Every structure is written in C-alpha cells, then in structure tokens.
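Structural characterization, general
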Amino acid sequence: MNSSISLNLSTTAIITEIYAASALRCLQNLDNGKRPPLLTRDQEPALRLLVKDAFAHIVLRLLPHIAECNLNDDNNENCNEDVILSVTINTPACFPSSATGTLRHAIEHAIAMDAMHLCYMGHNDNLSRRHASLAEDAIRNITQLLSVSDHSRAKIAMNWL
C-alpha cells in the first residue's frame, strides 16, 4: 500500500542554491579564457520565473509519482516574496518519514539545476548541458528512491581489500 507526502518547496531556498552554484561555477570554470557570468540578486525576478518553469519540468518528469501540485503564486504581485511550490508525492509504504527532508532537498536541487540549465542555454551551452545532466541525475535518483518497494531489503556489504 502506498502513501503520500506533501512537500512545500521554497523558491528562496532554490534561488539561494542557484547563487551558490553560480558563484562556484564562476570561480572554477574557465572556458576559452572566459568565465561564466555570475548570477546575482539583480536577476532575481527573472530567476523566479525560471524556477517556476523548472518546477514544471521536474514535476512532469516525476509525473508517475505526483499526486498533485500547485504553483500558488498566481496572485503574487511582489516578486521578492518567497513563493511556495507545493507538491504531493506518492511514496512506497515503506518510505521512511525521516527521509522527507532529504526528498524535499533533492527535488529543490533538481529544480535549481534545471533552472541553471535554462540560464546558461545559448550563452554557455557546455555549462547548460552539464546542469541539464545534473538535473537528470537528481531526477533519476529521486525516481529510484520512490520506486523501491521495500527499503528493508537494502543492506551494506562489507568489502575487504
């Protein structure tokens, strides 16, 4: 028997991850003598729109596991407010409630990486594809976690060298 978990995803948390990842990419990546642009608070209204788009992309990819979702910012006129993206996810009955925060963070991470993919598209296609790959990896891990029918079967095997 399956159960469901309701998650409230924070656009502020997602955008904070985008700023951190952007800063690291800017410091660490040098492509043909050029660094990727640093995303700053000046771009926050545009980033909020990209986060909303990325949320829709991620929900579509997780659709077999989605019970319902809500973009509750339709009447939000103040683009500086934290917008809560709500999603209810079908989980296996054995899904541990202690993993709810981890699942929320993993979905926020997938959204952030997908938004960065959109940010860099057309400016730095290599970096855009890298973020698309990171988003896809996160989705694959989330899907695998939500598809496990019995977590009690997982075991740690000792490997002696």
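Computed from a predicted structure; not experimentally measured. (Residues numbered from 1 in each chain as written. Predicted model: local features only at pLDDT ≥ 70, side-chain atom pairs only at ≥ 80, totals over all residues. Heavy atoms only, no water.)

**Comments concerning the pattern of salt bridges**
Counted only if it meets this: What counts as a salt bridge is simple: a side-chain nitrogen of Lys or Arg found within 4 Å of a carboxyl oxygen of Asp or Glu. Helical segments are the DSSP runs of H or I of at least four residues, strand segments are the runs of E of at least two, and each set is numbered from the N terminus. To sort residues, take the accessible area from a 1.4 Å probe on protein chains only and compare it with the maximum for the residue type: under 20% means buried, over 50% means exposed, and anything in between is partly exposed.
For the structure shown, the criterion picks out six salt bridges. Between Glu44 and Arg41 there is a salt bridge; the shortest N-O distance is 3.9 Å. The shortest N-O distance in the salt bridge between Glu108 and Arg104 comes to 3.0 Å. Remark: Arg104 and Glu108 occur in helix H3 (residues 100-120); sequence separation between them is four residues, near one turn of the helix. Judged by its relative accessible area of 5%, Glu108 is buried. Each of Arg41, Glu44 and Arg48 takes part in salt bridges that share partners, so that together they form one network.

**Here's the deal with H3**
Since there are 3.6 residues in each turn of an α-helix, residues three or four apart along the chain are aligned in direction. The following threshold applies: Take the residue count of a helix, subtract one, and multiply by 1.5 Å to get its expected span. Residue contacts are defined here by distance: any two heavy atoms, one from each residue, within 4.5 Å place the two residues in contact.
An ideal rise of 1.5 Å per residue puts 30 Å on 21 residues; H3 measures up with 31 Å between its terminal C-alpha atoms. If you check which residues of H3 are buried, you get Leu103, Ile107, Glu108, Ala110, Ile111, Ala112, Met113, Asp114, Ala115, Met116, His117 and Tyr120. The inward-facing, buried residues of H3 abut strand S1 (3-10), helix H1 (11-28), helix H2 (44-61), strand S3 (84-91) and helix H4 (125-147). The positive-phi residue at the C-terminal boundary of H3 is Gly122, with phi of around 90°.

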